[in-house]
Amino acid sequence: MNKILFSAIALMFATTAMAQLPKIPATYSNLGYDTNGRLYFENKGEKYFAEEFKNPLTIEQLLGKPEATENGVQMDFGTLKGTVTYGLIPYGKVPHPLPVYRKTVKIEDGKIVLNIKDDFKYPYDFVDWKKNGYLNLGYRIADEQGMLLFDGIVALKGEGPFEVIPAIYEGPFVNMVTDNSAVIWCKTTRPVKAEIEINGKVYKDEQETTLHRWNIAGLTPNTKHNYKVKYGIQSQSYHLKTAPSKGSREAFVFGYASDSRHATGGGERKILGANAYIMKKIAALANMKDVRFMQFTGDMINGYLSSKEQQRVEYSNWKKSIEPFWHYMPIILAWGIMKH
């Protein structure tokens, strides 16, 4: 009796597992799954099984597990080989902050050690980190062939010994802007209770988290609203402009673009999955034209990956490419359409 019951349970779990596998269209008559759920290609009666995607890149890996040292920071990128180029980010000193890269180091056994004290002493301390007591270091990872893989950020507190503190590595982004509301969100490298101040009102996280999202309400139509995101001892300030009142006939400008998969030519034209070079130019032009929003209708990234984690890296690279302008205007994303 117990043996029959065990067999029934095993069959139930096997059936459930098989039911969760992606359905193969009938036109692919030479593809299938075996009893263990392994995907195979069949040719002349012989089955060739799909290999697992080995060593996919992940955002967690590329964030480098930073650890503070007496003189700076050390980072561990696992099995990754290549180089890291790094420099300070002048938040608050320019409207569209980007890293000012200064040095490049080779990744040795997956690790790097950076000497902040020496690399960014006078006259290279243009962000006043010694005076303020903290800094944000932007870094760019390239593989052994020179292809750019990821742009990251690490924030440090102190003058030595240092302490790693939360940094915003995606955002803040402005989205879903109406005549009286908006959504602003960002991601931090470490959990923190963040808050946003806008139009005299403060919205706070209920608990420490790495994903921060605030639903802003009660804004005045067709008005520029300054906002400040506070996270730990740091803050960033930008602004957004609400839409005209409903029914308004006032003219406005919007931007449109599509298709930004990584391209040939090297450099920022190919930051793993995204053509960051052209996306930055598009976003900068939209900003110069004072667009109220920009619509982007795929394809954003190369995609077509066996690893959803590596696809997340590609999406992050796309977002980072236009981040300095997305602080101010909403970017509306839509599906790309392919016609044959």
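First, a word on scope: everything that follows refers to the structure included in this document. (Residues numbered from 1 in each chain as written. Predicted model: local features only at pLDDT ≥ 70, side-chain atom pairs only at ≥ 80, totals over all residues. Heavy atoms only, no water.)

**Describing the overall build of the protein chain**
- Within the protein chain, the secondary structure is distributed over six helices and 21 strands.
- Seen through its principal axes, the protein chain has C-alpha atoms that stretch 70 × 60 × 50 Å.
- Split into buried and exposed, the 340 residues of the protein chain put 41% on the buried side.
- Relative to all contacts within the protein chain whose residues are 6 or more apart in sequence, the contacts with residues 24 or more apart total 57%.
- Charge centroids of the protein chain, computed over 43 positive and 35 negative side chains, lie 4 Å from each other. (Helix = DSSP H or I, 4+ residues; strand = E, 2+ residues; numbered from the N terminus. Buried < 20%, exposed > 50% of the residue type's maximum accessible area, 1.4 Å probe, protein only. Contact = heavy atoms within 4.5 Å. Lys, Arg positive; Asp, Glu negative; His and termini not counted. Charge placed at Lys NZ, Arg CZ, Asp CG, Glu CD.)

**With respect to the environment of G247**
- Positionally, G247 belongs in the loop between β18 (234–241) and β19 (255–257).
- For the pair formed by G247 and H96, sequence separation is 151 residues and the distance between their alpha carbons is 33 Å.

**Side note on the nonpolar core**
- Residues F77, I116, L137, Y139 and I141 are the most contacted members of the largest nonpolar core, which totals 31 residues.
- Elements represented by at least two residues in this core include exactly α2 (59–62), β5 (72–76), β6 (82–88), β8 (111–115), β9 (134–143) and β10 (148–157).
- The residues contacting L137, other than those within four sequence positions of it, are Y86, G87, L88, I89, L114, I116, F120, G152, I153 and V154.
- Among the nonpolar cores identified, the runner-up in size contains 19 residues, and I198, I216, Y238 and L240 belong to it. (Core = buried A, V, L, I, M, F, W, Y, C linked by side-chain atoms within 4.5 Å.)

**Things to note about the sheet that holds strand β13 (residues 182–192)**
- Taken together, the three strands give an open sheet; going across it, the order is β12-β13-β16, and neighbouring strands pair in antiparallel fashion. The open sheet has two edge strands, β12 (168–175) and β16 (209–216), and neither has a second partner. When the angles between neighbouring strand axes are averaged without regard to direction, this sheet yields 15 degrees.
- The pairing of β12 with β13 spans five bridges and is classified as antiparallel. Its bridge partner lying in β13, F173 is registered against W185.
- Of the strands in this sheet, β12 and β13 are in contact with helix α6 (residues 308–326), which crosses β12 at around 60 degrees. (Pairing = 2+ DSSP bridges. Axes fitted to C-alpha atoms, helices over the stretch in contact; angles between N-to-C directions.)

**Considering the side chain of E314**
- Along the chain, the position of E314 falls in helix α6.
- As a buried residue without a salt bridge, E314 has its nearest oppositely charged side chain in R261, at a separation of 7.5 Å.
- Those residues within four positions of E314 in sequence are excluded, and the remaining contacts are L272, G273, I301, N302, G303 and L305. (Salt bridge = Lys/Arg side-chain N within 4 Å of Asp/Glu carboxyl O.)

**Observations regarding the pattern of salt bridges**
- Applying the stated criterion across every chain, the model contains 14 salt bridges.
- Among the ionic pairs, D76 bridges to K111, the shortest N-O distance being 3.8 Å. With D76 in strand β5 and K111 in strand β8, this pair connects stretches of sequence that are 35 residues apart.
- By relative accessible area, which is 25% here, D76 ends up partly exposed.
- Judged by its relative accessible area of 44%, K111 falls in the partly exposed class.
- Its salt-bridge partner being E309, residue R312 comes within 2.6 Å of it at the nearest N-O pair. Taken together, the positions of R312 and E309, both in helix α6 and three residues apart, correspond to about one turn of that helix.
- Via salt bridges that share partners, R140, D151, E268 and K280 belong to a single interconnected network.

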